[in-house]
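Here is how the chains run, residue by residue.
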Amino acid sequence: MGEKDVNYQFLLSRREGPVEYLTLNRPDVRNAFNEVVVSELSAWAEAMAADEDVRVAVISGAGSVFCAGADLTWMTRMAAFTPADNVRDATAAAKMYSTVDRLPIPVIARIHGAALGGGAGLAAICDIVVAEEHTTFGFTEVKLGILPAVVSPYVLDKIGASAARELFLTGMRFNAARAREIGLVHAVVTADQLDGRVAEYVREILSAAPEAIATAKELLRKIACRPVQDTIGLTADTIAARRASVEGQEGMRAFLEKRKARWDVSPDPDRKPR
Ligand code: COA
C-alpha cells in the first residue's frame, strides 16, 4: 500500500502521485450502495476535500459493472424503520452526493457494464464521465416502485427537464450513445480505450492550475440557475481575483515565456506548454 492509500470495507482507494483512484468494491451485489458504502463515500470525499496533494480523482467499479445504485435489500429494510430513522438514512445519502459533488478537484467517472439508479446519479455528480460503449444506463427507480430523489437535482442539472421527464417517468434503460447525447456522459469508447481516455483527461487536468480549476468548479455551482444579470458581479470579481493571483500570474507568464507552468505535472515531456 502507498502512503496515501486508505482501507475501507467497500471502497478501494489508491494514490498515484496527485491522482486518486477510487474503486467501488462490492462486486457481489454489483457495487450497490448500502449505509456502509454511503458513509465510506462521504468519509472519502471529506478526506479528498482536505488533501492538498490530490489534483484529480477517478471513480470506477470493481467486477462486471460500475454501480447498480441503491442496495435494494437495504432499501426494503426501511419499512421496519421509524419515519425519523428512514429520513435520517436518506439524508445521509443526500449529503454523500452533495459532498462528492462539491469536491474542489475534478472527479472523473470510469464507467463500464451498468450505471443504474443511484449509480447513474453518481455519474451525474462526476465532472467528466467516460463510458464503455456497451454500458447500460437507467434511472430505473419507478420500475421498483420508488423514485430518483436525492440524485434528482444533479441529474436535472446534467440532462435537462426533457430527458429527465422521459427517463425518470419510464424508468427505461438506455445505452451509452444516448447517455452522451443527453449530457450524462462525455466520451463513449471501446473497452480497450477506456483507461487511455481516462488518462488523457487526467493529463489535461494535471497540466492545468489547481486553484483555477477549483475556482471554476465553484463558480459553475454558484452561477447555476441564476439570471445572467445577477451573475455579473460574481463573475467579474472572480476573474479579477484570479488574474492577479500567484497562479494567474505564473500561468500567463509561463505561456509568454514558452515554458511549462509550475503546477504542470502532466506526464508528457513532449507536450508544448499552452
Ligand atoms: N441492490 C441489491 N442487490 C443487487 C442490486 C441492487 N441494486 N443489483 C444487483 N444486485 C444483486 C442481485 O440481486 C444478485 O444477487 P444474487 O447473486 O444473490 O442473486 C447479484 O447482485 C447479481 O445481480 P444480477 O442481476 O444477477 O447481475 P447481472 O450482472 O446479470 O446484472 C445489473 C447486473 C446491474 C444490470 C442488474 O443486477 C440490475 O439491473 N440490478 C438492478 C439495478 C437497479 O435497478 N438499480 C436501481 C436501484 S434504485
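Heads up: the structure comes first, above all this text.
Residues numbered from 1 in each chain as written. Predicted model: local features only at pLDDT ≥ 70, side-chain atom pairs only at ≥ 80, totals over all residues. Heavy atoms only, no water.

Peer 1: Give me helix α10 (residues 246-256): which residues, what numbers.
Peer 2: When α10 is considered as a whole, its buried residues turn out to be E247, G248, E250 and A254. End-on view of α10: buried residues confined to an arc of 170 degrees, all on one side of the axis. On the buried face of α10, the contacting elements are α8 (210-223) and α9 (228-244). Just beyond α10, the residue with positive phi is K258, at close to 55 degrees. (Buried < 20%, exposed > 50% of the residue type's maximum accessible area, 1.4 Å probe, protein only. Helix = DSSP H or I, 4+ residues; strand = E, 2+ residues; numbered from the N terminus. Arc of directions from axis to C-beta. Contact = heavy atoms within 4.5 Å.)

Peer 1: Describe unusual backbone geometry, naming the residues involved and giving the relevant values.
Peer 2: Of note, C225 is a non-glycine position whose phi angle comes to about 65 degrees, a positive value. Along the chain, the position of C225 falls in the loop between α8 and α9. The backbone of K258 shows a phi angle near 55 degrees, a positive value even though the residue is not glycine. If you trace the backbone, K258 turns up in the segment after α10.

Peer 1: Quick rundown of the sheet that holds strand β10 (residues 187-189)? Include the residues and the values.
Peer 2: The strand order β1-β2-β3-β4-β5-β7-β10 describes an open sheet built from seven strands, whose pairing is mixed. The open sheet has two free edges, formed respectively by β1 (6-7) and β10, since each of these has just one partner strand. Bridge analysis of strand β2 (residues 11-16) against strand β3 (residues 19-24) gives six bridges, and the strand direction is antiparallel. Directly across from R15, in β3, lies its bridge partner E20. Sitting on the sheet, helix α1 (residues 35-49) touches β2, β3 and β4 (56-61), and the angle it makes with β3 is about 175 degrees. (Pairing = 2+ DSSP bridges. Axes fitted to C-alpha atoms, helices over the stretch in contact; angles between N-to-C directions.)

Peer 1: Would you mind going over the sheet that holds strand β9 (residues 173-175) in detail, with residue names and values included?
Peer 2: Judged by pairing direction, the sheet is mixed, and its three strands sit side by side in the order β6-β8-β9 without closing on themselves. Both outer strands of the open sheet, β6 (114-116) and β9, are each paired with one neighbouring strand and no more. Strand-to-strand, the axes of this sheet are offset by a mean angle of 25 degrees, without reference to chain direction. Bridge count for β6 against strand β8 (residues 136-138) is three bridges, and the pairing is parallel. Residue L116 lies in a different strand from β8, and its bridge partner there is G138.

Peer 1: Give me the lowdown on the site of the ligand, citing residues and values where you can.
Peer 2: What surrounds the ligand is a group of 15 residues, the closest being R30, A68, A70, L72 and T140. Within the contact set of the ligand, a nitrogen atom lies 2.9 Å away from a backbone nitrogen or oxygen of A70. The separation between an oxygen atom of the ligand and a polar side-chain atom of T140 is 2.8 Å. Compared with its free state, where it exposes 870 Å², the ligand has 59% of that area covered by protein. Of the residues assigned to the shell around the ligand, the class counts are eight nonpolar, two polar and five charged. (Near = heavy atom within 4 Å. Polar contact = N/O pair within 3.5 Å; in protein donor to acceptor, adjacent residues only side chain to side chain. Areas by Shrake-Rupley, 256 points an atom, 1.4 Å probe, with all protein chains shown as cover. Nonpolar A, V, L, I, M, F, W, Y, C, P; charged D, E, K, R; others polar.)

Peer 1: Outline the packing of aromatic side chains, supporting the account with residue identities and numerical values.
Peer 2: Considering all chains together, one arrives at four aromatic pairs under this definition. Within the aromatic cluster, the residues linked to one another by ring pairs are F137, F139, F168 and F174. The ring of Y21 has R14 sitting right over it, with the charged end atom 4.6 Å from the ring centre. The aromatic ring of F10 is capped on one face by R26, whose charged end is 4.9 Å from the ring centroid. (Phe/Tyr/Trp six-rings, centres within 6.5 Å; stacked < 30°, edge-to-face > 60°. Lys NZ or Arg CZ within 6 Å of the ring centre and 35° of its normal.)

Peer 1: For a nonpolar patch on the surface, give the residues involved together with the corresponding values.
Peer 2: On the surface, L72, M75, L144 and I146 cluster together to form a nonpolar patch covering roughly 320 Å² of accessible area. Mapped onto the fold, M75 is located in helix α2 (residues 72-77). (Patch = residues over 30% accessible without salt bridge, like charges linked within 9 Å, V, L, I, M, F, W, Y side chains within 5 Å. Salt bridge = Lys/Arg side-chain N within 4 Å of Asp/Glu carboxyl O.)

Peer 1: Lay out the pattern of salt bridges with the relevant residues and their values.
Peer 2: Throughout the structure, instances matching the rule amount to 18 salt bridges. Note that R88 and D85 form a salt bridge whose closest N and O atoms lie 2.6 Å from each other. Here R88 and its partner D85 are both found in helix α3 (residues 83-101), three residues apart, which amounts to about one turn of the helix.

Peer 1: With reference to specific residues and values, describe helix α7 (residues 194-206).
Peer 2: Helix length check: α7 (13 residues) gives 19 Å between terminal C-alpha atoms against 18 Å at 1.5 Å per residue, within 8%. Among all positions in α7, only L194, V198, V202, I205 and L206 are buried. Along the axis of α7, the buried residues cluster in a sector spanning 95 degrees; they form a single face. Taken together, the buried residues of α7 touch β3, β4, β5 (107-111), β7 (128-132), β10 and α8. (Expected span 1.5 Å × (residues − 1).)

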